[in-house]
Amino acid sequence: MNLKHFRLVALVVCALAAINYVADVAAQPAELAVPATSIEANSLNDWLMRMHEVSKKRAYIGTFVVSSAGAMSSAKIWHVCDGSQQMERVDTLTGAPRSTFRHNDQVVTFMPDQKVVLIEKRESLGLFPELLKSTDSRIADFYKARPEGTERVAGVDADIIALLPKDKLRFGYRVWTEQKKGLVVKLQTLDIDGKVLEQAAFSELQLDAPVKMDKLAYMMGKVEGYRVVKPALVKTTASAEGWTLKTPVAGFKSVSCYKHPKTASSSDEPMQWIFSDGLASVSIFVEPFDRQRHDKEASLSLGATQTITKRLDAYWLTVMGEVPMATLRLFAGGLERKK
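Throughout what follows, the structure given in this document is the object of discussion. (Residues numbered from 1 in each chain as written. Predicted model: local features only at pLDDT ≥ 70, side-chain atom pairs only at ≥ 80, totals over all residues. Heavy atoms only, no water.)

### As for the overall build of the chain
Then comes step 1: Secondary structure summary: the chain contains 5 helices and 21 strands in total.
Then comes step 2: Out of the 339 residues belonging to the chain, those deemed buried represent 50%.
Then comes step 3: In the chain, once contacts between residues fewer than 6 apart in sequence are set aside, the share between residues at least 24 apart is 52%.
Then comes step 4: In the form shown here, the chain has an accessible surface area of approximately 16400 Å², with 52% of it arising from carbon and sulfur atoms. (Helix = DSSP H or I, 4+ residues; strand = E, 2+ residues; numbered from the N terminus. Buried < 20%, exposed > 50% of the residue type's maximum accessible area, 1.4 Å probe, protein only. Contact = heavy atoms within 4.5 Å. Areas by Shrake-Rupley, 256 points an atom, 1.4 Å probe, with all protein chains shown as cover.)

This is the structure in structure tokens:
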């Protein structure tokens, strides 16, 4: 796995998923808006859930810019909602041309330079990546909200809210939400000292845009002339695969586990075990150790994403997430093979 290459290619998509997540927990009609000065006095969990419940009706077109680790990427996004039906198109404007369509959990990515279309089902890519799990979320146990004034972004007035961690196991966030409808227009990920690790922001934004879901659906299904690839993720559990986390990491819960398809370089099916604290996520990838492919244990920081690779007996671990490196070490050190 070329982690640096993977991260740069995925930068815009990941940031859009992140901004859609915070948009989902912060977007709302103006009449239901919670004044920024009152957030500290309310339950953060209730506030997040309320924002999630009232964020179903919006459409927009925008140009999106992401900066991380000295790299910049941009994309154009068309987004529309119709009740529980969510649909969007994302076209990269930098790097290799890509058009990604998403209809609820169905994701179709067109790669015109290779004449390949990738069709996937991703449960973690709903309108936001399944971070706000349930009404009993414990986000407020590990984060606090702080209003930080107002600012104009992409031609709209926005309120600024900081979501700050209560410990050193997770990063913080600074969120700019458009005042009238609550759409997130800018998002920063902050390290434990408050330094900006990664920023995603609209440079152009048209709210309540005339985006047609049927037109996007037609474009999503137009795969003629492309080689169709359908990698299948197999849902499983870590326990069924023979793994356990002997010491839980505070605030992080197991949310899903998959086996990935075999690749040209490996005949095995790597396992991916995903954890979340409600805002941040961590993935543990496990595959059999291969001396030809797995040469060095390493730690890598690229913007908000940290990565650790290490050998564990006959297996090779890749642990990555938008959390401090110390948190990844807890996951890597706590994983063990069941007897």
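### Overview of the sheet that holds strand β1 (residues 60-68)
Then comes step 1: A sheet is described by the order of its strands in space; here 12 strands give the open sequence β7-β8-β9-β10-β11-β1-β2-β3-β4-β5-β6-β12, paired in mixed fashion. Two strands bound the open sheet, and with one partner strand each, they are β7 (143-153) and β12 (227-229). Across the sheet, the mean angle from the axis of one strand to that of its neighbour is 15 degrees, orientation sign disregarded.
Then comes step 2: Relative to strand β3 (residues 85-92), strand β2 (residues 71-82) runs antiparallel, the two sharing 8 bridges. Looking at β3, one finds that histidine 79 is bridged to glutamate 88.
Then comes step 3: Helix α4 (residues 213-220) rests against β2, β3, β4 (99-103) and β5 (106-111) of the sheet, and its axis sits at about 60 degrees to β3. (Pairing = 2+ DSSP bridges. Axes fitted to C-alpha atoms, helices over the stretch in contact; angles between N-to-C directions.)

### Some remarks on the pairing of β2
Then comes step 1: Taken across its 12 residues, β2 has 9 buried, putting it largely inside the fold.
Then comes step 2: Sheet topology places β1 next to β2; 9 bridges connect them, and they run antiparallel. Across the sheet, serine 68 pairs through a bridge with alanine 71, a residue of β2.
Then comes step 3: Following β1, the chain reverses through 2 residues before pairing antiparallel with β2; alanine 69 in that reversal takes a positive phi of roughly 55 degrees.
Then comes step 4: Connecting β2 to the antiparallel partner β3 that follows it, the hairpin turn spans 2 residues, and glycine 83 within it adopts a positive phi of roughly 65 degrees.

These figures capture arrangement, not role.
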